[in-house]
Amino acid sequence: MDRLRPRGRPVFSGFTTAEIEKMEKLIKESGQKSLDQDFCKRVSRTFNRSNGRAGKPVVKWTEVQSWFADRLQSYPLKDASSPNPLEKISVVPQVCPLNKSYEHTEAPTGEKLLDLSDLEFEARSSKDGAWYDVETFLAHRFLNSGEAEVHVRFVGFGAEEDEWINVKNAIRERSLPLEHSECEKVKVGDLVVCFQERRDQARYYDAHVVDIQRKVHDIRGCRCLFLIRYDHDNIEEKVRLRRLCCRPTY
């Protein structure tokens, strides 16, 4: 599966075409609600964890808010009627017809299907073991073993790359990019998602923090070095904060 990502890290020069199209759709649906801080943070987090933004500078929520504000001045909109302005960019599972000889569409006795409409997800591909953002859940099924699987479409990829993914082992809430001021959140022993750059590939993999060299921040931001060990190949590497994403905590 060809899922290589751009390796250059240019200075932030604007939103991608896909991001602008997404924001145009959101502003038509949400109007003045798009200026809400939490709304803008959610949108920026969605962009930063998308395949199209991988390897590029982090989009700040304030940049999203400024874009919405400028757009509203030139194109006044009414408030959207939808009570949930993020509804269209949230992942909502849908049930499609399945091969009943192989799987079941009803949950095993005693299990409940959760309402996942307010969460954003990432899935681990069985083809390369890397994590990718989930665009949508196309269907779900329960195997004869009782295990649940979901049919996933990845952000930035077409139907030819869709996969059936084991829910328990390879679906989870989306990992979060870190701002320079948040480096203290990373501790030795933490599970993180690291952007592994190689000559022939650049993908997100699980890793654990082995050691941290804390350094004084400068105008460039965090200068700390994080020694991480990738879970899939046990290779150790020193990386900057910009290549790490943390797991959500509650």
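Our subject in this report is the structure included herewith. Since the structure is predicted, the reported quantities are computational estimates derived from the model, not experimental observations. (Residues numbered from 1 in each chain as written. Predicted model: local features only at pLDDT ≥ 70, side-chain atom pairs only at ≥ 80, totals over all residues. Heavy atoms only, no water.)

1. Re the sheet that holds strand β11 (residues 236-239)
(1) Moving on: Taken together, the 6 strands give an open sheet; going across it, the order is β7-β12-β8-β9-β10-β11, and neighbouring strands pair in antiparallel fashion. Every interior strand has two partners, whereas the edge strands, β7 (176-177) and β11, have only one.
(2) Moving on: Strand direction decides the pairing type here: strand β8 (residues 191-197) and strand β9 (residues 202-213), joined by 7 bridges, are antiparallel. If you follow F195 over to β9, its bridge partner there is Y204. (Pairing = 2+ DSSP bridges. Helix = DSSP H or I, 4+ residues; strand = E, 2+ residues; numbered from the N terminus.)

2. Some remarks on the packing of aromatic side chains
(1) Moving on: In this structure the tally under the stated criterion is 6 aromatic pairs.
(2) Moving on: Between the aromatic rings of F39 and F68, the centroid separation amounts to 5.9 Å while the plane-to-plane angle is 55°, which identifies the pairing as tilted. Here F68 lies in helix α3 (residues 61-74) and F39 lies in helix α2 (residues 37-48), a separation of 29 residues in the sequence. Summarising the burial analysis for this pair, F39 and F68 share the class buried.
(3) Moving on: Centroid distance Y132 to F157: 5.9 Å. Interplanar angle 90°. Geometry classified as edge-to-face. On the criterion of sequence distance, the pair formed by Y132 in strand β3 (residues 131-143) and F157 in the loop between β4 (148-154) and β5 (163-166) is long-range, its members being 25 residues apart. Of the two residues examined, Y132 and F157, each falls in the buried class.
(4) Moving on: Taken together, the aromatic side chains of F39, W67 and F68 make up a single cluster linked through ring pairs.
(5) Moving on: Seen from the ring of W164, R141 lies directly overhead, with NZ or CZ sitting 3.8 Å from the centre. (Phe/Tyr/Trp six-rings, centres within 6.5 Å; stacked < 30°, edge-to-face > 60°. Buried < 20%, exposed > 50% of the residue type's maximum accessible area, 1.4 Å probe, protein only. Lys NZ or Arg CZ within 6 Å of the ring centre and 35° of its normal.)

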